[in-house]
Amino acid sequence: MTLQAAVSSPFDLADEDAYQAWRRRKLATAPTRSDELMVEVEDPLRLTADERAAIVERCERANMAVYATSPRPEHGSEIPRAVGAQLGLRTLDVNYLADDDGITPLAATESGPRSTFIPYTNRAIRWHTDGYYNPPERRIRAMILHCVQRAESGGENHVFDPELAYIALRDADPALVAALMQDDAMTIPSRSEEGDVARGDQAGPVFSVTEDGHLHMRYTARTRSVAWKDDPAVRAAGAQLLQLLDHDPRVLRLRLEPGMGIVCNNVLHDRTAFTDSDAHRRLVLRARYYERIRSPRSGETESSA
Ligand SMILES: [Fe+2]
């Protein structure tokens, strides 16, 4: 029985004690305002130990942080790459629309192959986690959105920690969580999404627990190009989730200014529509990784490099 304690997981629906203990800690420390996520950074290419610790602390608490620094457009994709590397993020998910270095510039595009995919338009993007159409071996555990230029108006992001979504559903009814943990809860039909023209249907759970014991969420609020399991519990859970994302006061709103970026363990996010001008043509660099953000305490350190 003591052995059981060593492998207990808050995400095990049979382990109410582990869940309640974790839930209490989580709710006591979850940020309620977006400025709680903010970390001012002097040089993103060389974070100080304090800056890095502050980013990691927010990621441990909220699965996300926002760094802010003066704009350095001349460094381009070097910045998100360097920020990622200093947080233990090394393996980029490369899709065929990404530039050669695996970091994707998101901007409204009039023509070419990108223009048919929503991220490369100025239209609103509904709630999702990144890479929900990826196969399990390309699961996106973390990502960075680095703002080079903002739009004239709009282009804001709302963000929500998947762990809070999990808690809301489990508190309402653990059966809702169980429904979304089914291996066939949500299927993305083949050839429907950005960057993956040649893949087959991707069926999978919404909530899963990774090998290292973390909660992973795979989700899109899109109604086209997604097939939910024909199951009353899955339908009820999906409706509750959408209700939560539309109304929960802990949903945070972010407007990235040039030089700012979101670094996160692939949290739920959306994007509002935007309008560009000659002076403000929105450009956000996106990097997606297979690793989670790692505490400098638990990995090799680069702070003296
Ligand atoms: Fe996204």
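Heads up: the structure comes first, above all this text.
Note that the structure is predicted; figures quoted are calculated from it, not measured. (Residues numbered from 1 in each chain as written. Predicted model: local features only at pLDDT ≥ 70, side-chain atom pairs only at ≥ 80, totals over all residues. Heavy atoms only, no water.)

A. Representation of the overall build of the protein in the model. For the protein, the helix and strand inventory stands at 7 helices and 17 strands. Compactness check: the protein gives a C-alpha radius of gyration of 19 Å against a globular reference of 19 Å for 305 residues, within 12% of the reference. Expressed as a percentage of the 305 residues in the protein, the buried residues total 52%. Taking contacts inside the protein between residues at least 6 apart in sequence as the whole, the part at least 24 apart equals 78%. (Helix = DSSP H or I, 4+ residues; strand = E, 2+ residues; numbered from the N terminus. Rg over C-alpha atoms; globule rule 2.2 N^0.38 Å. Buried < 20%, exposed > 50% of the residue type's maximum accessible area, 1.4 Å probe, protein only. Contact = heavy atoms within 4.5 Å.)

B. View of the coordination of the iron ion. Looking at the iron ion, the protein donor atoms are H128 (NE2), D130 (OD) and H269 (NE2), and they sit 2.1 to 2.2 Å from it. Its relative accessible area of 6% is what places H269 among the buried residues. (Donors = N, O, S within 2.8 Å, 3.2 Å for Na, K, Ca; no water.)

C. Inspection of the packing of helix α5 (residues 162-172) against helix α7 (residues 232-247) at higher detail. In the contact formed by α5 and α7, the axes pass within 10 Å of each other and the chain directions differ by 130°. In terms of orientation, α5 and α7 fall into the oblique class. Pair α5 / α7 crosses with right-handed handedness. In this structure, α5 uses A165, A168, L169 and A172 to contact α7, whose residues at the interface are A237, Q240, L241 and L244. In terms of residue class, the contact of α5 with α7 is made up of 7 nonpolar, 1 polar and no charged. (Axes fitted to C-alpha atoms, helices over the stretch in contact; angles between N-to-C directions. Parallel < 35°, antiparallel > 145°, perpendicular 65-115°, else oblique. Left-handed = near helix turned anticlockwise from the far one by under 90°. Nonpolar A, V, L, I, M, F, W, Y, C, P; charged D, E, K, R; others polar.)

D. How the structure looks around unusual backbone geometry. Non-glycine residue S225 carries a positive phi angle of around 60°. Relative to the helices and strands, S225 is located in the loop between β11 (215-217) and β12 (227-228). Accessibility expressed as a relative area gives 28% for S225, which makes it partly exposed. One non-glycine residue, N266, lies in positive phi territory at about 45°. With respect to the helices and strands, the residue N266 is situated in the loop between β14 (261-264) and β15 (268-271). For N266, a relative accessible area of 2% gives the class buried.

E. Inspection of the sheet that holds β12 at higher detail. Across the sheet, 3 strands lie side by side as β9-β8-β12; this open sheet has antiparallel pairing. Looking at which strands have only one partner, the edges of the open sheet turn out to be β9 (202-204) and β12. (Pairing = 2+ DSSP bridges.)

F. Fine view of the packing of helix α2 (residues 16-29) against α5. Taken N-terminus to C-terminus, the directions of α2 and α5 make an angle of 130°; their axes are 11 Å apart at the nearest point. Classified by the angle between their axes, α2 and α5 sit oblique to one another. Considering how the two elements wind past one another, α2 and α5 form a crossing that is left-handed. Residue-level inspection shows E16, Y19, W22, R23, K26 and L27 of α2 in contact with α5, the latter providing E163, L164, Y166, I167, R170 and D171. In terms of residue class, the contact of α2 with α5 is made up of 6 nonpolar, no polar and 6 charged.

G. Just the packing of aromatic side chains, in detail. Overall, the coordinates contain 8 aromatic pairs when judged by the stated rule. Ring geometry for F11 against Y166: centres 5.3 Å apart, planes inclined by 90°, an arrangement best described as edge-to-face. Of this pair, F11 sits in the loop between α1 (2-6) and α2 while Y166 sits in helix α5, and the two are 155 residues apart along the sequence. Pair check on accessibility: F11 and Y166 agree, each one buried. Here the aromatic rings of Y19 and W22 are separated by 6.2 Å at their centres, their planes lie at 40°, and the arrangement is tilted. Note that Y19 and W22 are positioned in helix α2 at a spacing of 3 residues, about one turn of the helix. (Phe/Tyr/Trp six-rings, centres within 6.5 Å; stacked < 30°, edge-to-face > 60°.)

H. Geometry of α2. Here α2 is 14 residues long and its end C-alpha atoms lie 20 Å apart, about the 20 Å a rise of 1.5 Å per residue gives. Every buried residue belonging to α2 is among A18, Y19, W22 and K26, and all of these are buried. Down the axis of α2, the buried side of the element spans an arc of 95°, and every buried residue falls inside it. Turned more than 90 degrees away from the buried face of α2, the exposed residues are D17, R24 and A28. Those residues of α2 hidden inside the fold are in contact with α3 (49-62) and α5. (Expected span 1.5 Å × (residues − 1). Arc of directions from axis to C-beta.)

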